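Take a look at the letters that make up each chain.
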Amino acid sequence: MLFILGTLTLTAQDCQRIETEDVKKEIADIPGETMGQKLESLLFWSQEEKERRFPIMQDIFPSILVSTGSQIVSFEESKNITPKWEDETTLASYINDNRVKGIIVLKDNRIKLEEYAEGVDKETLWTSFSVAKSVSSMLVGVALKDGDIESLDDPLKKYISELNGYDYGEVTVRQLLTMTSGIEWNEDYVDHNSDVAQMYLSPCENTESHILTYMKPLKFTHEPGTTWNYSTGETDLVGILIQKATGKSLAEYLSEKIWKPFGMENCAYWLADECSNLNIGGSGLSASLRDFARLGTLMLRENQSNVNNIISKEWLKNATSILYEVNEQGGGYGYLWWRSKDGSYAAVGIFGQMIYIDPSKNLVIAQIAAWPKASSKKLVRDRYKFIEAVQRAIE
């Protein structure tokens, strides 16, 4: 398959954040006494609040810098496609109706389409929500290659000593990556009492991560490895696993292994737990649209080449496979990546974030957005119709 390397460009970035009076006011206006409570409130922000805050999450909440290097791997540009819908939808109406803030299409590592909403550009950082889960999974693959994680069948208690004596301590790394721990969890984004809406609300217990405090007492309801159940809490545990195994924050590890060596264009930030200062593995990676797309090209590279891989071959074999079917269309889940029957796979997040990869077409599509709802059948359907419209345009 054709894979064109971009050119190297020397750059220097000032990635320092400055706390302004506007940011202080923004923090004060978010409901909640603790930062954890303020973070949980985002599920219920107004449309205006989402669009204003999603680009400055790294300023509002505790975050750790993902620094870039002195060289950028730039894309070749040949912006010459217009997505083709089968109805009256146009690119402009898709962007407007779905509150999309940026889209980029890469074919053979060339930019074929790049569009931004007003006030957003290629320098804008945008929060990714569950796209970060897939990035955390990539870092497990790196740690497995490096030997910091010895086996995917190791129990979590081997790396996270706080889980000794609890059900989660017996869950394996592989089960965590496939969300098949067997431990009960409610991921309902509109229910104030769901686990995903409650997991950061309690006060800190010394320097223990919110998620460890919340999840330690949870119990098995199914035999581990038998039942798939979507859980952001478990991907936060993936983040803790990586940080305990490597001795580095997710942000530092991501910078060292991916951001610098693969020539990312902009610094990024990853939200950190206010109690432990450990990064949150299940969400909170803020990056530019082009750099989200570069993560897609990295996944293509890793799967196309056996030379100089940074990710474990064992991880690569199953990460984007259909290990568990999760919908009626035959789509499934690998290691925190969504996989379709046609061989394409994706990292997706609530409110419309996406990195879509089709290896057969050497195609990467990335999207940032502030959907009116966290998710809905219509919003998801519109996103897939957009992907189909892009595919028609490149064929």
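Look up a bit, the structure's there.
Here's a quick rundown of the structure. (Residues numbered from 1 in each chain as written. Predicted model: local features only at pLDDT ≥ 70, side-chain atom pairs only at ≥ 80, totals over all residues. Heavy atoms only, no water.)

Looking at the pattern of salt bridges
Part 1 of the argument: One pass over the structure, following the stated rule, counts 34 salt bridges.
Part 2 of the argument: Its salt-bridge partner being arginine 294, residue glutamate 265 comes within 3.2 Å of it at the nearest N-O pair. One end of the pair, glutamate 265, is in the loop between α12 (250-259) and β8 (268-271); the other, arginine 294, is in helix α13 (residues 289-304), with 29 residues separating them in the sequence.
Part 3 of the argument: When the shortest N-O distance is used, the salt bridge between aspartate 291 and arginine 294 registers 2.9 Å. Taken as a pair, aspartate 291 and arginine 294 lie in helix α13 at a separation of three residues, close to a single helical turn.
Part 4 of the argument: Among the charged side chains, a network of salt bridges with common partners joins Glu77, Lys79, Glu114, Lys122, Glu123, Glu265, Arg290, Asp291 and Arg294. (Salt bridge = Lys/Arg side-chain N within 4 Å of Asp/Glu carboxyl O. Helix = DSSP H or I, 4+ residues; strand = E, 2+ residues; numbered from the N terminus.)

Section: the side chain of serine 181
Part 1 of the argument: In this structure, serine 181 sits in the loop between α8 (173-177) and α9 (195-198).
Part 2 of the argument: The class for serine 181 is buried, based on a relative accessible area of 1%.
Part 3 of the argument: A distance of 2.3 Å separates the side chain of serine 181 from the side chain of glutamate 234, its partner in a polar contact.
Part 4 of the argument: Among residues more than four places away in sequence, those in contact with serine 181 are Tyr168, Val171, Gln175, Phe220, His222, Pro224 and Glu234. (Buried < 20%, exposed > 50% of the residue type's maximum accessible area, 1.4 Å probe, protein only. Polar contact = N/O pair within 3.5 Å; in protein donor to acceptor, adjacent residues only side chain to side chain. Contact = heavy atoms within 4.5 Å.)

Let's talk about the environment of glutamate 76
Part 1 of the argument: Among the structural elements, glutamate 76 can be located in strand β4 (residues 76-77).
Part 2 of the argument: Here glutamate 76 falls in the partly exposed class, since its relative accessible area comes to 37%.
Part 3 of the argument: At 3.2 Å, the side chain of glutamate 76 and the side chain of arginine 110 are in polar contact.

Remarks on the nonpolar core
Part 1 of the argument: Tyr168, Ile258 and Trp315 are the most contacted members of the largest nonpolar core, which has 124 residues in total.
Part 2 of the argument: Take this core: its biggest share by element is nine residues, from helix α6 (residues 131-146).
Part 3 of the argument: Once residues within four sequence positions are removed from consideration, tryptophan 315 is found in contact with Ser137, Met138, Gly141, Leu144, Leu177, Met299, Tyr335 and Trp337. (Core = buried A, V, L, I, M, F, W, Y, C linked by side-chain atoms within 4.5 Å.)

What about the state of the cysteines?
Any covalent bond linking the sulfur atoms of two cysteines counts as a disulfide.
Part 1 of the argument: Inspection of every chain in the model, using the stated rule, returns one disulfide.
Part 2 of the argument: Disulfide pairing is shown between cysteine 204 and cysteine 275; the S-S distance is 2.1 Å. Taking the sign of the S-S torsion, about -80 degrees here, the bridge from cysteine 204 to cysteine 275 comes out left-handed. Of this pair, cysteine 204 sits in the loop between α9 and α10 (210-215) while cysteine 275 sits in the loop between β8 and β9 (285-287), and the two are 71 residues apart along the sequence.
Part 3 of the argument: A relative accessible area of 10% places cysteine 275 in the buried class. (Disulfide = S-S within 2.5 Å.)

Describing the sheet that holds strand β15 (residues 363-369)
Part 1 of the argument: Read across the sheet, nine strands follow the order β4-β6-β5-β15-β14-β13-β12-β11-β10 without closing on themselves; strand pairing throughout is mixed. Here the strands that pair on one side only, and so sit at the sheet edges, are β4 and β10 (324-325).
Part 2 of the argument: As judged from the five bridges shared by strand β13 (residues 345-349) and strand β14 (residues 353-358), these two strands associate in the antiparallel manner. In the strand pairing of β14, alanine 347 is matched with isoleucine 355.
Part 3 of the argument: Packed onto the sheet, α13 meets β4, β5 (100-107), β6 (110-116), β13, β14 and β15 and runs at close to 150 degrees relative to β15.
Part 4 of the argument: Running over the sheet, helix α15 (residues 377-394) touches β5, β13, β14 and β15 and is turned about 145 degrees from β15. (Pairing = 2+ DSSP bridges. Axes fitted to C-alpha atoms, helices over the stretch in contact; angles between N-to-C directions.)

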